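Per-entry structural report
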Amino acid sequence: MYTFTNQFNSNAKNADFLKAAMMGPNAMRVAEELTTHLHINENMRILDLGCGCGLSTILLAKKYGASVFAADLWILPTENYERFQSIGIDDKAVPIFVDATKGLPFANRYFDLLITVDAYHYFGDTAEMLPALIPFVKKGGYIAVAIPGLQYEFEKNVPAEMQPFWNSEMERTLHSLDWWKDLWKRTEGIELVDSREMASCRQAWEEWLTGYHPVVADDIKMMKAEGGKYFNLIQLIAKII
Ligand SMILES: C[S@@+](CC[C@H](N)C(=O)[O-])C[C@H]1O[C@@H](n2cnc3c(N)ncnc32)[C@H](O)[C@@H]1O
């Protein structure tokens, strides 16, 4: 399932590139699992929303030859443009600044697919966000999301070993598969065609903990406390009807 990511990572220069570009569980591996549930080809125009440093964009452009709009809030387009040039996908990937909560700067029905990896939980936890994104995807196209989540809702019972790491942002953004399914099932204009816990969870987290990002040191402690008991990765795929 992870042929592209494994091959990419087998090259020492690429592995170093990956360590520098990861912003959470290895987004290239997570995107590769998510895309095995979609039918992507080189004629498709894809919005990679919350792309960060563009690891999922690289997978979409290099593995599938798709054209990608790499949209993000925290990472500047110039930084991503230079990264895309360095990896040879600047002809396939358009870096763009977007705040998903403020509306998207695209035409209606512009994209065949809207994909978002390890980002949707930051802005998609309201009843309004999914309906706001649907118009940008063609009828018959898909919205596909992969996000970190919880094996069950903590509510007010945060496990003791997780309490030193728990904060208000985690409380707002981390939810169970059932919580997300319930939110999406209440949305009109889509059919939820797939929802599951992702197989890449453990490996993607382990790879993140080898990365160069400054928060990795704290995440190593958090993941040791977590011990595989509470976190998961959640996949949701909806067809636009
Ligand atoms: C943990 S990082 C993950 C980045 C990348 N997808 C990855 O997995 O490596 C979360 C990303 O969500 C993006 N994000 C958060 N809120 C956003 C918003 N309102 N609009 C667009 N992107 C947003 C941030 O800019 C950030 O790059």
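Residues numbered from 1 in each chain as written. Predicted model: local features only at pLDDT ≥ 70, side-chain atom pairs only at ≥ 80, totals over all residues. Heavy atoms only, no water.

1. What about the pattern of salt bridges?
By the definition in use, this model includes 12 salt bridges. A salt bridge links Lys156 to Glu171; the shortest N-O distance between them is 3.4 Å. Of the two residues, Lys156 is situated in the loop between β5 (137–150) and α8 (168–173) and Glu171 in helix α8; the sequence distance between them amounts to 15 residues. A salt bridge links Glu161 to Lys229; the nearest nitrogen and oxygen atoms lie 3.4 Å apart. Of this pair, Glu161 sits in the loop between β5 and α8 while Lys229 sits in the loop between α11 (216–226) and β7 (231–240); the two residues are 68 residues apart in sequence, bridging distant segments of the chain. We classify Glu161 as partly exposed; its relative accessible area is 30%. (Salt bridge = Lys/Arg side-chain N within 4 Å of Asp/Glu carboxyl O. Helix = DSSP H or I, 4+ residues; strand = E, 2+ residues; numbered from the N terminus. Buried < 20%, exposed > 50% of the residue type's maximum accessible area, 1.4 Å probe, protein only.)

2. Some details on a nonpolar patch on the surface
A contiguous nonpolar surface patch, about 430 Å² in accessible area, is contributed by Met23, Leu73, Trp74 and Phe97. For Leu73, the position within the fold is in the loop between β2 (67–72) and α5 (77–87). Among the residues examined, Leu73 registers a relative accessible area of 39% and is labelled partly exposed. (Patch = residues over 30% accessible without salt bridge, like charges linked within 9 Å, V, L, I, M, F, W, Y side chains within 5 Å. Areas by Shrake-Rupley, 256 points an atom, 1.4 Å probe, with all protein chains shown as cover.)

3. Let's talk about the site of the ligand
Neighbouring the ligand are 17 residues, the closest being Gly50, Asp72, Trp74, Ala100 and Val117. A distance of 2.7 Å is found between a nitrogen atom of the ligand and a backbone nitrogen or oxygen belonging to Gly50. Contact distances for the ligand include 3.3 Å between an oxygen atom and a backbone N or O atom of Leu73. Its free accessible area being 580 Å², the ligand has 97% of it covered by the protein chains. For the shell around the ligand, the per-class residue count stands at 11 nonpolar, 3 polar and 3 charged. (Near = heavy atom within 4 Å. Polar contact = N/O pair within 3.5 Å; in protein donor to acceptor, adjacent residues only side chain to side chain. Nonpolar A, V, L, I, M, F, W, Y, C, P; charged D, E, K, R; others polar.)

4. Some words on helix α9 (residues 177–185)
Every buried residue belonging to α9 is among Leu177, Trp180, Leu183 and Trp184, and all of these are buried. Each buried residue of α9 lies within a common arc of 130° when the element is viewed along its axis, so the set occupies one face. In α9, the exposed positions angled more than 90 degrees off the buried face are occupied by Asp178 and Lys185. (Arc of directions from axis to C-beta.)

5. A word on the pairing of strand β1 (residues 45–49)
Burial analysis of β1 places 4 of its 5 residues in the buried class, the great majority of the element. Note: β1 against β2, 5 bridges, orientation parallel. By the bridge assignment, Leu47 is partnered in β2 with Phe69. The handedness of the β1 to β2 crossover, carried by helix α4 (residues 55–64), is right-handed. Bridge count between β1 and strand β4 (residues 111–117): 3 bridges; the pairing is parallel. If you follow Leu47 over to β4, its bridge partner there is Leu114. (Pairing = 2+ DSSP bridges. Right-handed = clockwise from strand over helix to strand, strands pointing away.)

6. Description of the UniProt feature "domain: Methyltransferase" (unreviewed entry) in the chain
With numbering matched to this structure, UniProt assigns "domain: Methyltransferase" (unreviewed entry) to residues 46–141. A helix fraction of 31% and a strand fraction of 28% characterise residues 46–141, whose end C-alpha atoms lie 10 Å from each other. (UniProt positions renumbered as here; feature names shortened; annotations may be inferred.)

7. Some remarks on the nonpolar core
One finds Ile40, Leu55, Ile58 and Phe231 to be the most contacted residues of the largest nonpolar core, which totals 55 residues. Among the elements that take part in this core, α4 stands out by supplying 6 residues, more than any other. Those residues within four positions of Ile58 in sequence are excluded, and the remaining contacts are Phe4, Phe8, Phe17, Met28, Lys63, Ile87 and Ile89. Core analysis: the next-biggest nonpolar cluster, separate from the first, contains 31 residues, Ala71, Leu114, Ile147 and Leu183 among them. (Core = buried A, V, L, I, M, F, W, Y, C linked by side-chain atoms within 4.5 Å. Contact = heavy atoms within 4.5 Å.)

8. Description of helix α3 (residues 27–35)
Most of α3 is tucked away: 9 of the 9 residues are buried. Of the residues making up α3, those classed as buried are Ala27, Met28, Arg29, Val30, Ala31, Glu32, Glu33, Leu34 and Thr35. Measuring from the side-chain oxygen of the N-cap residue of α3 to the backbone nitrogen of Met28 gives 3.0 Å; that N-cap residue is Asn26.

9. Some points on the sheet that holds β7
Read from one edge to the other, the open sheet built from 7 strands follows the order β3-β2-β1-β4-β5-β7-β6, with strand pairing classed as mixed. Edge positions in the open sheet fall to β3 (93–97) and β6 (190–197), since each of these has one partner strand only. Taking the axes of each pair of neighbouring strands and ignoring which way they run, one obtains an average angle of 15° across the sheet. Helix-sheet contacts for α3 involve β4, β5 and β7, and the interaxial angle to β4 is about 135°. (Axes fitted to C-alpha atoms, helices over the stretch in contact; angles between N-to-C directions.)

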